[in-house]
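Below are the chains, spelled out letter by letter.
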Amino acid sequence: MSVPQSETTQTTISPVNLQPVVERTYPTFQVLEATIARAAAAQKEWAALPLAERIAIGQKFIDEFTSMGERVPAELTKQMGRPISQGAGEVRGFLERARYMLSIAEANLKDIPLEDTDKPGFRRFMKRVPLGVVLVIAPWNFPYLTAINSVFPAIIAGNAVILKPSPQTPLSAERFALALHRAGVPQDIVIPLHLSPELTKQAIQNPLVKFVSFTGSVVGGHTVEEAAVSAPGFKGVALELGGKDPAYVRADADLDYTAAELVDGAMFNSGQSCCAIERIYVHESVYDDFVSKVVGVVKGYKLGDPNQPETNLGPVVSLASAQRIRKQVADAVAAGAKTLIPEDLFAMAKQDTCYVAPQVLVDVNHTMDIMMEETFGPVVGIQKVSSDEEAVKLMNDSPYGLTASIWTNAAEHPESEEAFLKLEDQIECGTVFLNRCDYLDPALAWTGVKNSGRGVSLSKFGYDQLTRAKNVHMKIKTT
């Protein structure tokens, strides 16, 4: 949690021990305006640099960040409480996405000639041009993984970036920018800024800011959208928001594999992921066996000090978050749900701390928030279904639509793969997985529907969002 200390500073409170760990000062309004103006001026020179040179700098950035990556896990643990054993995964994912987006940059940013259909005496081509200054508002839960989706391709495409990190993880933006600057990206092309809510609104509404990329809550998304809509002109906005991601376990699923994978998808980072598994639908013929296996896996988790290598479940981000998660579970129980994990198995899970015991609930239904509203904690509800049709209906009965997964033995049963392909076509979400979950493939477009937001990052479409099309139509012969 971040506690405002005054109108000019922010202090990050670690959920590990509720002690302050980082303090940063906000700029004044005048400094913010001047900073954005510098970025806008520098962007014109940066965009004029040949794409090949920007790509070469991007490769140097990957090398720079690789060399400093060992420091990232401990810093994240200190700031937001993720177990240090899980921090290296964010570094690997960050670099994987950077390498992929760099590898496709030339193909997706070069001019597109129309020679095959040009008439005699004419020449036409299309080009992708940068937008200008892009404001990226990053979250705390995966501050590097989310920021790389927009910041890196925006810079390679020729934009300048103002990077506003969450006040919970301020060091992430500073380290990201440092690696870019060391690689040769000019200081004013990527600028980390710590901003209050009021200053963030002013940045969104600054006419020199041409595009805003926001990752966070639905409430936060509405705030960003409203600020952008009320600004002069028509500013582009990308919103990567919440999720209540479902999984469906079919009758022929490999239950040992599926239980372990889905528990990991629900509990990794204490469930604090937009694409965490938060609800599971299981065919009635394997329901009891599957639930038993899930309970066995969860009981083996170790909730504790995230600085210890054996810990695989740390605190949630704040006391307020812990209280909200506990209340959602308590409300479900009051409405008839049953908890399967005794809290006394996890001694660290105490009131007035950020340590929340993992929990599995059964006898749940869609009248309960636990199956409808984002939990963002180490909790999952499991509901029995009698058919594929019932599972799809329940999976779609949600205000969210980020990812979904179906678990079935496609390797041994070709008809199960065919069934998956029929089912995935009916599911309302951005990504459907078969036999995996909670993963972003940088070659695939990261997107969602309904309250999970709008816009696209990663893949070849990620560059489209950060550039605009410009046409050149030449009539060379005039006689």
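Along each chain, numbering runs from 1 in the same order as the chain's sequence is written. pLDDT decides what is reported in this predicted model: residues at 70 or higher carry local features, side-chain atom pairs at 80 or more are listed and counted, and totals for whole chains, interfaces and linings draw on all residues regardless. The basis for every side-chain value is the complete set of heavy atoms in the structure, and neither hydrogens nor water enter the calculation.

**Considering the packing of helix H8 (residues 197–205) against helix H9 (residues 218–229)**
How two helices pack is summed up by the angle between their axes together with the distance between the axes.
And then number 1: Packing of H8 against H9 leaves a shortest axis separation of 8 Å and a crossing angle of 45°. Classified by the angle their axes make, H8 and H9 are oblique. In this structure, the crossing between H8 and H9 has a hand that is right-handed. Judged by residue contacts, Lys201, Ile204 and Gln205 of H8 engage Val224, Ala227 and Ala228 from H9.
And then number 2: Residue type decides the class: Asp, Glu, Lys and Arg count as charged, Ala, Val, Leu, Ile, Met, Phe, Trp, Tyr, Cys and Pro as nonpolar, and the leftover types, Gly among them, as polar. The residue makeup of the contact of H8 with H9, split by class, is four nonpolar, one polar and one charged. Inter-axis angles, ranging from 0 to 180 degrees, are taken between N-to-C directions of lines fitted to C-alpha atoms, where helices are fitted over the stretch in contact. A run of H or I in DSSP counts as a helix once it spans at least four residues, and a run of E counts as a strand once it spans at least two, with each numbered from the N terminus. Throughout this description, any angle smaller than 35 degrees is read as roughly parallel, any larger than 145 degrees as roughly antiparallel, any in the 65 to 115 degree range as roughly perpendicular, and the remainder as oblique. It is the rotation of the near helix from the far one that decides the hand of a crossing: anticlockwise by less than a right angle makes it left-handed, clockwise makes it right-handed. A contact between two residues is defined here by any heavy atoms of the two lying within 4.5 Å.

**Quick notes on the UniProt feature "active site" (unreviewed entry) in the chain**
And then number 1: Summarizing the sequence annotation, UniProt attributes the feature "active site" (unreviewed entry) to Glu240 in the numbering used throughout.
And then number 2: Inspection of the secondary structure assignment puts glutamate 240 in strand E10 (residues 236–240).
And then number 3: Residues contacting glutamate 240, with those up to four places away along its chain left out, are Asn149, Phe214, Thr215, Gly216, Cys274, Trp446, Ser452 and Ser457. UniProt positions are given in the numbering used here, feature names are shortened, and annotations may be inferred rather than shown by experiment.

**Let's talk about the nonpolar core**
And then number 1: Definition used in this section: a nonpolar core is a set of buried Ala, Val, Leu, Ile, Met, Phe, Trp, Tyr and Cys residues joined via side-chain atoms within 4.5 Å. The classification of residues rests on relative accessible area computed with a 1.4 Å probe and restricted to protein chains. Under 20% of the type maximum is buried, over 50% is exposed, and intermediate values are partly exposed. By size, the foremost hydrophobic cluster in this structure holds 81 residues, and its most contacted members are Phe61 and Phe65.
And then number 2: Looking at this core, the element that brings in the most residues is helix H6 (residues 143–156), giving nine residues.
And then number 3: Each residue touching phenylalanine 65, except ones within four places of it in the same chain, is listed here: Val72, Val91, Phe94, Leu95, Tyr144 and Ala179.
And then number 4: Grouped together as the second largest cluster of nonpolar side chains are 35 residues, Val282, Val286, Leu303 and Val360 included.

**Re the pattern of salt bridges**
Pairing between side chains becomes possible if they bear opposite charge and their charged atoms approach one another.
And then number 1: Should a side-chain nitrogen of Lys or Arg be within 4 Å of a carboxyl oxygen of Asp or Glu, the pair is scored as a salt bridge. Under the defined criterion, the tally for this structure stands at twelve salt bridges.
And then number 2: The salt bridge partner of arginine 24 is glutamate 174, with a shortest N-O separation of 2.6 Å. Note that arginine 24 is positioned in strand E3 (residues 20–25) and glutamate 174 in helix H7 (residues 170–183), a separation of 150 residues in sequence.
And then number 3: Since its relative accessible area comes to 24%, arginine 24 is described here as partly exposed.

**A few points about the pairing of strand E2 (residues 9–13)**
And then number 1: Of all five residues in E2, five are buried; the element is thus mostly enclosed.
And then number 2: Both faces of E2 are covered, namely the face carrying Thr9, Thr11 and Ile13 and the face carrying Gln10 and Thr12.
And then number 3: Two strands are said to pair when DSSP picks up at least two bridges between them. By the bridge criterion, five bridges tie E2 to E3 in an arrangement that is antiparallel. Counterpart to threonine 11 in the pairing with E3 is glutamate 23.
And then number 4: Connecting E2 to the antiparallel partner E3 that follows it, the hairpin turn spans six residues, and leucine 18 within it adopts a positive phi of roughly 60°.

**Quick notes on the sheet that holds strand E4 (residues 112–113)**
And then number 1: The antiparallel open sheet is built from three strands, whose spatial order is E4-E5-E21. Of all the strands in the sheet, the pair left with one neighbour each is E4 and strand E21 (467–475).

**A closer look at the sheet that holds strand E18 (residues 431–434)**
What links the strands of a sheet is backbone hydrogen bonding, and the strands pair in either a parallel or an antiparallel sense.
And then number 1: With mixed pairing, the seven strands of this open sheet are ordered in space as E13-E14-E15-E12-E11-E17-E18. Across the chains shown, the open sheet's two edge strands, defined by having one partner strand only, are strand E13 (338–339) and E18.
And then number 2: Looking at chain direction, strand E14 (residues 359–362) and strand E15 (residues 379–385) are connected through three bridges and run parallel. Paired with glutamine 359 across the bridge in E15 is valine 379.
And then number 3: Sitting on the sheet, helix H10 (residues 255–267) is in contact with strand E11 (245–249), strand E12 (277–283), E14, E15 and strand E17 (403–407), with an inclination near 165° to E17.
And then number 4: On top of the sheet, helix H14 (residues 414–424) reaches E11, E17 and E18; it is set at about 165° to E18, its chief contact.

**Here's the deal with the state of the cysteines**
And then number 1: Cysteine sulfur atoms that pair up within 2.5 Å are treated as a disulfide. Applying the stated criterion across every chain yields a total of zero disulfides.
And then number 2: Cysteine cysteine 429 remains unbridged, with the sulfur of cysteine 275 as its closest cysteine sulfur at 11 Å.
And then number 3: Taking the relative accessible area as the measure of exposure, cysteine 429 reaches 16% and is therefore buried.

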